[in-house]
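Read off the chains here:
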Amino acid sequence: MKNTRLMQRRLAGLFALFALSSSAALAQTPPLEVTASFSILGDLVRQVGGDKVRVRTLVGPDEDAHAFQPRPSDARDIGASALVVVNGLGFDDWMTRLARSGGYKGDVVVASKGVKTLEMDGHGHDHAHDHKHGHAADPHAWQDVGNAQQYVANITAALVAADPANAETYRHNAERYGGELKALDAEIRSAFAALPAERRKVVSSHDAFAYFGEAYGIRFLSPVGVSNNAEPTAKGVARLIGQLKKEKIPAVFIENVADPRLIERIRAESGTRVGGTLYSDALSASAGPAPDYLSMMRSNFRTLHDALVAE
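Not measured: the values here are computed from a predicted model. (Residues numbered from 1 in each chain as written. Predicted model: local features only at pLDDT ≥ 70, side-chain atom pairs only at ≥ 80, totals over all residues. Heavy atoms only, no water.)

As a further point, take the pattern of salt bridges. Summed over all chains, the structure comprises five salt bridges. Here arginine 176 and glutamate 180 are joined by a salt bridge, their closest N and O atoms 2.7 Å apart. You can see arginine 176 and its partner glutamate 180 sitting in helix α6 (residues 167-193), four residues apart, about one turn around the helix. Given the relative accessible area of 37%, arginine 176 is considered partly exposed. The residue aspartate 185 makes a salt bridge to arginine 189 at a minimum N-O spacing of 3.1 Å. Note that aspartate 185 and arginine 189 are positioned in helix α6 at a spacing of four residues, about one turn of the helix. (Salt bridge = Lys/Arg side-chain N within 4 Å of Asp/Glu carboxyl O. Helix = DSSP H or I, 4+ residues; strand = E, 2+ residues; numbered from the N terminus. Buried < 20%, exposed > 50% of the residue type's maximum accessible area, 1.4 Å probe, protein only.)

Below you can see the structure in the form of structure tokens.
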């Protein structure tokens, strides 16, 4: 009897030790390795994934994805990822090719899947309602906070599929973050709706804000198309300067990923003032005004609004 009790105590101790070891192993499970193409997308993945993911972003803050030149090490890093996330819509096609060359065998998640796209003509200019001539889609869909909610839904579904053990965490984070997105979207709509239509016109460095304009009633003009690599024509710049003067457009804006010299020239020749810096294709550094997506959209909104209400 005594030996039986001793054996039972030993077994109980072993089970307790096994339970503690199992809990420790679960607690030490490494985060899911995710690679995102650019900084804005990387932040959306972090918001949903929290501490359950480790996000690598190839194009960092204040860097231009249009001009990105991958290194051989980037392909190797992507190949070791559990999940690869791209914007899609032609913005970061290089990412998919890079992933495959690095040996990545998993799904490439297209975050923009399901958004209602705007289309561009052959010059890279947007047409909000021209969907029947086979024009390329504008890739900057994240500039509408409503579209970011679709990005979050796609990212959440991908993380749940890749890591079902943490599905509840991902869904909870997405629900919390979705509420913040909805609140910001409503705030922006309300603020711009109160402005007279004739004041809701601005000029930015390149054609990156059509979704913002369509969603919130702002007319954006730009000297070049969707890519910062495009070269403006002298005729196009002259026409834009004439339009600025004729329509009394309140302000022109510099972008964090664009050379400011062209906007400075347009400002000088048109007499229009510079309203500030907008964040188009990249977040700011951590010490800047746009270190995450919500901060970026809030910064753009307030910079635009302050310039448009000023006399």
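Now for the confidence of the model for the protein. Confidence in the prediction of the protein, expressed as mean pLDDT, is 84, and 81% of residues score 70 or more. For residues 21-26, every residue scores under 50 in pLDDT, and the model assigns this stretch zero contacts once sequence neighbours within four places are set aside. Note that pLDDT drops below 50 for residues 122-134; the model gives that stretch 27 contacts with residues more than four away or on any other chain. (pLDDT = per-residue confidence, 0-100. Contact = heavy atoms within 4.5 Å.)

As a further point, take the environment of threonine 57. Structurally, threonine 57 can be placed in strand β2 (residues 53-59). According to the relative accessible area criterion, threonine 57 is partly exposed, its value standing at 23%. Leave out the neighbours within four places in its chain, and threonine 57 touches Ala36, Ser37, Phe38, Ser39, Gly42 and Arg46.

So, on to helix α3 (residues 72-79). Of all the residues in α3, the buried ones are Asp74, Ala75 and Ile78. All buried residues of α3 fall inside an arc of 100 degrees around its axis, so they share one side. Residues of α3 that are exposed and angled more than 90 degrees away from the buried face: Pro72 and Arg76. In this structure, the buried residues of α3 make contact with β1 (32-38), β2, β3 (83-86) and α4 (93-101). (Arc of directions from axis to C-beta.)

The four strands are arranged β8-β7-β9-β10 in an open sheet whose pairing can be described as parallel. With one partner strand each, in any of the chains shown, β8 (219-221) and β10 (273-278) form the two edges of the open sheet. Each neighbouring strand pair of the sheet contributes to a mean axis angle of 35 degrees, computed without reference to strand direction. The pairing of strand β7 (residues 201-203) with β8 spans three bridges and is classified as parallel. When the bridges of β8 are listed, lysine 201 appears paired with arginine 219. With respect to the sheet, helix α9 (residues 261-270) is in contact with β7, β9 (251-255) and β10, its orientation differing from that of β9 by roughly 165 degrees. (Pairing = 2+ DSSP bridges. Axes fitted to C-alpha atoms, helices over the stretch in contact; angles between N-to-C directions.)

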